[in-house]
Amino acid sequence: MSEQTPASGHLVNGPADPEHDPKASYALEPDYVANLTRRVVSTTGATVPVESPLNGQPLAHIPQSSAQDVAEAYARARRAQVTWARTSLADRAAMLLRLHDLVLDRQEEIIDLIVLESGKSRKHAFDEPMHIALTARYYGRTAHEHLDPQRKLGVVPGLTRVEVNRLPKGVVGIISPWNYPFTMALCDGLPALLAGNAVVTKPDAQTMLSALLGAQLLEEAGFPEGVWNVVAGPGAEIGTPMIERSDYVCFTGSTATGKLIASQCADRLIGASLELGGKNPILILRDANLEKAAEGAVRASFSNAGQLCVSVERMFIADQIYDRFVQRFVARTEAMTLGSSMEWGVDMGSLISQTQLETVQAHVDDAVAKGARVLTGGRARPDLGPYFFEPTILEGVTPDMTCFGDETFGPVIALYRFHDEADAVARANAGDYGLNASIYTSDGARGRVIAKEIKCGTVNINEAFGATFASIDSPMGGMRQSGMGRRQGSEGIHRYTESQSVATQRLVRFAPMLGMSDETYAKVMTAQLRLMKKLGRA
Ligand code: NAD
């Protein structure tokens, strides 16, 4: 296990007795923490302590928001939104591009905080500022393409001028999970802001500091006071007060919570996008390059210790290559380094909590008790940190085992053999989820044909998940129980807008003119309809 050492100037170099008790003092400077936590809208005086999953070291006391605080956050957001919506699109886009630069300049600080709060390895934490930089650049550069008024066909050529405006919804409520605490807290909010909305966000209680650093960076990038507001507290308590005041809700988290949120939004007839869980498949076809597939399979299965909505938990491998592939995959998995470290060089870090550890252990124990074989891993590693679990490969998983169809959300992958590809696709499509899939094949064109048969919102060919997730121009989200709506691309910003059609009519009207009877008007219009079709008009 690597020694924990500070990687930026914001970390205190050691508790009173650091060698024996990491819990003896705070991991972060009190002033640094206070500058973050003051951003929570809270008047309760109540706080909740958070500790690092790396070693239990205390990090902060997070102020808690009451329902009244939530109301105040929405009142601030509503006031700020009026002026914000009148700020020019060019100015709003410029702030996103400034955020891009800030996030890259401050990435060491951001990564330190993510690692401390989540226990993930530094290389997995790096994905977060990278994803925010990509998102900020993409929306900053494509603002006009998505939001400028669009000319449309008018019903009477030349005489009906139609344009569609994209008006902001108003105040967007964003509820986000802990697994990617910086990017999940920010990525969905950036297009909401660009479209002229204000945001009230409730990050997960375990990872508030990373989200609050995001709020600070938005302020530094020039976003005015009140357009981005952070509340803190249990979702079950402050989720409903948020939904009651939102004009739109963006939720990322479990399918069970997503359903609760969808029904509350339905009651208010407001829109919601839901980015939910998955039980993602990966297909290793018989013509796959075995080394590349094994390398990709490790990242697909064990990135962020499997606590990733798009990570794979079911692997279908062609019979012809099964043994040769599995031998490579197991060898690469066994070569992974595990560690509780702030430094680069660790392949996989900790799970975030005791709850996560218990779920992962329970899934593995259940599978083993019912006859599954552990090819590697399968054990908790308390010697590395309180919530470590080894990357685990299972064979012989059957439908009576919990991990066959339930999301583990941990570093556990089940291997299945297939004989023909149609059967592999059918098994990949089994179950209720439909978030992400991967296909490894040396024939990209055939991979794309197979992709269309897979009921998942994203499919990566010859890559784990990063190819779709980082291609911000294309939509990302789930089919079936994995969600509703999409983040990224034009869908990811248009969800935060109301489309408004404005038609300006000249010379002719939609009623009989020049003393025409209703019957003559109907005949003239019928002739006009026939003519338009002949002319090829849509
Ligand atoms: P969760 O649903 O328990 O919590 C997610 C968020 O919802 C947290 O902020 C939580 O405080 C809040 N919340 C909980 N109950 C609430 C309620 N009744 N009303 C309003 N808010 C409430 O999810 P989790 O288990 O912490 O996160 C892991 C899950 O998230 C996994 O299933 C994972 O697949 C999913 N996830 C999906 C994506 C995606 O993009 N599809 C990304 C990350 C995580």
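These lines cover the structure that appears in this document, whether it is placed above or below.

Paired through their backbone hydrogen bonds, the strands of a sheet run either parallel or antiparallel. With mixed pairing, the 6 strands of this open sheet are ordered in space as β7-β6-β5-β8-β9-β17. Lying at the two open borders of the sheet, with one neighbouring strand each, are β7 (228-230) and β17 (483-484). Pairing of strand β9 (residues 271-275) with β17 involves 2 bridges; the strand directions are antiparallel. Residue pairing across strands places Leu 274 opposite Met 484, the latter belonging to β17. On top of the sheet, helix α2 (residues 67-86) reaches β5 (171-175), β6 (198-202) and β7; it is set at about 155° to β6, its chief contact. Relative to β6, helix α9 (residues 235-245) is tilted by about 165°, and along the sheet it contacts β5, β6 and β8 (248-252).

Positioned with a positive phi, Ala 305 is a non-glycine residue whose angle comes to about 55°. Its place among the elements puts Ala 305 in the loop between α11 (290-302) and β11 (312-318). Unlike most non-glycine residues, Gln 488 shows phi in positive territory, near 75°. Structurally, Gln 488 is set in the loop between β17 and α18 (489-494).

Bringing the packing of helix α4 (residues 107-118) against helix α8 (residues 208-220) into the picture now. Geometrically, a packed helix pair is captured by the angle between its two axes and the distance between the axes. Where α4 meets α8, the closest approach of the two axes is 8 Å, and the angle between their N-to-C directions is 160°. Looking at the two axes, α4 sits roughly antiparallel to α8. The segment α4 lies against α8, with Glu 109, Ile 110, Leu 113, Ile 114 and Glu 117 engaging Met 208, Leu 209, Ser 210, Leu 213 and Leu 217.

What follows concerns the pattern of salt bridges. For the coordinates displayed, the defined rule picks out 33 salt bridges. The salt bridge involving Asp 188 is made with Arg 495; its shortest N-O contact spans 2.7 Å. Of the two residues, Asp 188 sits in the loop between α6 (181-186) and α7 (189-194) while Arg 495 sits in the loop between α18 and β18 (497-505), which places them 307 residues apart along the sequence. Here the two residues Asp 188 and Arg 495 agree in accessibility, since each one is buried. When salt bridges that share partners are traced, they join Arg 286, Asp 287, Glu 421, Asp 443 and Arg 446 into one network.

Buried within helix α15 (residues 421-428) are the following residues: Glu 421, Ala 424, Val 425 and Ala 428. All buried residues of α15 fall inside an arc of 100° around its axis, so they share one side. Turning to α15, the residues buried within the fold contact β10 (280-284), β11, β14 (412-418) and α16 (444-451). Regarding α15, its N-cap is Asp 420, as a side-chain oxygen of that residue lies 3.2 Å from the backbone nitrogen of Ala 422 further along.

Time to look at the nonpolar core. Within the largest apolar cluster, 68 residues are counted, with the highest numbers of intra-cluster contacts made by Leu 283, Ile 284, Met 315, Ile 317, Phe 325, Phe 329 and Leu 415. Among the elements that line this core, the one with the most residues is α11, at 7 residues. The contact partners of Ile 317, leaving out residues within four places of it in the chain, are Ile 284, Tyr 322, Phe 325, Val 326, Leu 415, Tyr 416, Arg 417 and Phe 418. By size, the runner-up hydrophobic cluster in this structure holds 63 residues, among which are Ala 60, Ala 125, Met 208 and Leu 217.

Taken together, 25 residues form the shell around the ligand, and within it Ser 176, Trp 178, Ser 254, Leu 276 and Glu 407 come nearest. Between the ligand and Thr 257, the relevant distance is 2.8 Å, taken from an oxygen atom to a side-chain nitrogen or oxygen of the residue. When the ligand is considered free in solution it has 850 Å² of accessible area, and contact with the protein chains removes 87% of it. Of all the elements in the fold, those that place two or more residues in the shell around the ligand are α9, β8 and α10 (255-268).

About the cut-offs
Residues numbered from 1 in each chain as written. Predicted model: local features only at pLDDT ≥ 70, side-chain atom pairs only at ≥ 80, totals over all residues. Heavy atoms only, no water. Pairing = 2+ DSSP bridges. Helix = DSSP H or I, 4+ residues; strand = E, 2+ residues; numbered from the N terminus. Contact = heavy atoms within 4.5 Å. Axes fitted to C-alpha atoms, helices over the stretch in contact; angles between N-to-C directions. Parallel < 35°, antiparallel > 145°, perpendicular 65-115°, else oblique. Salt bridge = Lys/Arg side-chain N within 4 Å of Asp/Glu carboxyl O. Buried < 20%, exposed > 50% of the residue type's maximum accessible area, 1.4 Å probe, protein only. Arc of directions from axis to C-beta. Polar contact = N/O pair within 3.5 Å; in protein donor to acceptor, adjacent residues only side chain to side chain. Core = buried A, V, L, I, M, F, W, Y, C linked by side-chain atoms within 4.5 Å. Near = heavy atom within 4 Å. Areas by Shrake-Rupley, 256 points an atom, 1.4 Å probe, with all protein chains shown as cover.

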